[in-house]
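What the coordinates show
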Amino acid sequence: MKTIKKAVGLLIAMMFAGQVYAYNCTGVAHYSDGSSYGDNSIVQNLGIAYRCTLSGWCSVGGPYAPGAGWAWENAWSSLGACGSTGGGNSSASSSSAGNTGGSCPQWMAGTHYYAGNVVSYNGSYFIAEHDNPGYDPLISTWFWEPVASCPGGNSGSSSSSGNTGSGFSAIVSEAQFNQMFPNRNPFYTYSGLVAAANTFPEFANTGDLQVKKREAAAALANFSHETGGLVHITEIAQGSYCSGSATACGVCAPGKSYYGRGPIQLSWNYNYCVAGQALGLDLWANPDQVAQNPTTAWRTAIWFWMTQSGAGYRSAHASIIGDYGFGETIRTINGSKECNGNNPAQVQSRIDTYQYFIQMLGGTAGNNLGC
């Protein structure tokens, strides 16, 4: 009874905040007393979705079930009420600060915002670069970054064309995204992707429409390959991935491992250091952020795509807009293991996904598909 009252109370609080935020619970298992749940496990209980944020405290029932007292506040993070739409916020927020796509709330002083939240302020839009307790976007520029538009402007569209957003969301609608990734992990939200893309305004927004479609399809195809169709948040074989060489952040933070996380499976201590510095996040000291916040995860992937040459000759972004071909994006991401005949089956798998995605977007694949 206590669990039911707590869950109902949460729903009422969410409604009084102005909106009940929906989370797509399709395929999400129901919580079971006595079961063991690890970090980032997602369950539904009494109509609400939760993510386990404190392994060990998410493994017993009774008062520690999601939505019941202590454990809801400290171990289980509420993702929102189960609904047919929505992506949920990985942070434990059900206030009006949350963004579910389609429109952005007005900034409110004293409201807690989490990294990735986008707000409207004096006719402009700002994305939270860091968690903050409601700082003014124009004054606290370390916490807030201006963006061109509100993410998810076309999230209500069920059409595969006629996108009404801007930037990335004008190229790939939420309906198309869902069609591309029918079995994706709920962690990988469309709203988080659009919010992340807005912080890189040239991503899928450079050149003519054909080039924009190629970049969107190419990036999503590679992200799909790296994660098994946006299923895996972290690498399956998790090593320490500590190079032993000092970076600008140091060698490796005590007790931290730098195995692959996120859509690009960001790996190694030096990559976490550089990515964190570029994004204004201490990913070297806390690499788990990439597996905890959807927008942060997407931002690391797009950061690598836009700026890093990896095992290739240039960034993947430069290869697409420079008409070097999809194959060169493979070289940048994993060329040392796949290109030059090293693993043709893996290369073909990436090509097949790219061709499927670009056809869905109504574009043409271009030349030089292999590497």
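Below is a summary of the structure that appears in this document. (Residues numbered from 1 in each chain as written. Predicted model: local features only at pLDDT ≥ 70, side-chain atom pairs only at ≥ 80, totals over all residues. Heavy atoms only, no water.)

1. Some points on the state of the cysteines
Considering all chains together, one arrives at 3 disulfides under this definition. A disulfide bridge connects Cys242 with Cys252, and the sulfur atoms are separated by 1.9 Å. Across the S-S bond of Cys242 and Cys252 the torsion is about 115 degrees, and the bridge reads as right-handed. Of this pair, Cys242 sits in the loop between helix 5 (209–227) and helix 6 (269–279) while Cys252 is found in the loop between helix 5 and helix 6, placing the two residues 10 residues apart along the sequence. When its relative accessible area of 30% is taken as the criterion, Cys242 is described as partly exposed. Residue pairing for Cys339: its cysteine sulfur links by disulfide to Cys371, the two sulfurs lying 2.0 Å apart. An S-S torsion of about -90 degrees defines the bridge between Cys339 and Cys371 as left-handed. Of this pair, Cys339 sits in the loop between helix 9 (326–338) and helix 10 (344–360) while Cys371 sits in the segment after helix 10, and the two are 32 residues apart along the sequence. (Disulfide = S-S within 2.5 Å. Helix = DSSP H or I, 4+ residues; strand = E, 2+ residues; numbered from the N terminus. Buried < 20%, exposed > 50% of the residue type's maximum accessible area, 1.4 Å probe, protein only.)

2. Things to note about the sheet that holds strand 7 (residues 144–147)
Read across the sheet, 3 strands follow the order 5-6-7 without closing on themselves; strand pairing throughout is antiparallel. The sheet terminates laterally at strand 5 (118–121) and strand 7, the two strands that pair on one side only. With strand direction ignored, the average angle separating the axes of adjacent strands in the sheet is 40 degrees. (Pairing = 2+ DSSP bridges. Axes fitted to C-alpha atoms, helices over the stretch in contact; angles between N-to-C directions.)

3. Some details on the packing of helix 6 against helix 7 (residues 294–307)
Close contact between helix 6 and helix 7 brings their axes to 10 Å; oriented N to C, the two are set at 100 degrees. With respect to their mutual orientation, helix 6 and helix 7 come out roughly perpendicular. Side by side, helix 6 and helix 7 meet where Asn271, Val274, Ala275, Ala278 and Leu279 of the first sit next to Arg299, Thr300 and Trp303 of the second. Split by residue class, the contact of helix 6 with helix 7 holds 5 nonpolar, 2 polar and 1 charged. (Parallel < 35°, antiparallel > 145°, perpendicular 65-115°, else oblique. Contact = heavy atoms within 4.5 Å. Nonpolar A, V, L, I, M, F, W, Y, C, P; charged D, E, K, R; others polar.)

4. Focus on the side chain of Arg299
Structurally, Arg299 is set in helix 7. Once you skip the residues sitting within four places of it in the chain, Arg299 turns out to touch Glu129, Ala196, Thr199, Phe200 and Leu279.

5. Concerning the packing of aromatic side chains
Using the criterion set out here, one finds 18 aromatic pairs in the structure. For the pair Phe177 and Tyr190, a centre-to-centre distance of 5.6 Å together with 50 degrees between the ring planes defines the contact as tilted. Here Tyr190 lies in helix 4 (residues 190–198) and Phe177 lies in helix 3 (residues 174–180), a separation of 13 residues in the sequence. A ring pair is formed by Phe223 and Trp298, whose centres lie 6.2 Å apart and whose planes are at 55 degrees; its orientation type is tilted. Remark: Trp298 occurs in helix 7 and Phe223 occurs in helix 5; sequence separation between them is 75 residues. By way of ring pairs, the aromatic residues Phe177, Phe181, Phe187, Tyr188, Tyr190, Phe223, Trp298, Trp305, Tyr356 and Phe357 are connected into one cluster. The positively charged end of Arg261 is found above the aromatic ring belonging to Tyr259, 3.9 Å away from the centroid. The ring of Tyr324 carries Arg314 above its face, with NZ or CZ at 3.6 Å from the centroid. (Phe/Tyr/Trp six-rings, centres within 6.5 Å; stacked < 30°, edge-to-face > 60°. Lys NZ or Arg CZ within 6 Å of the ring centre and 35° of its normal.)

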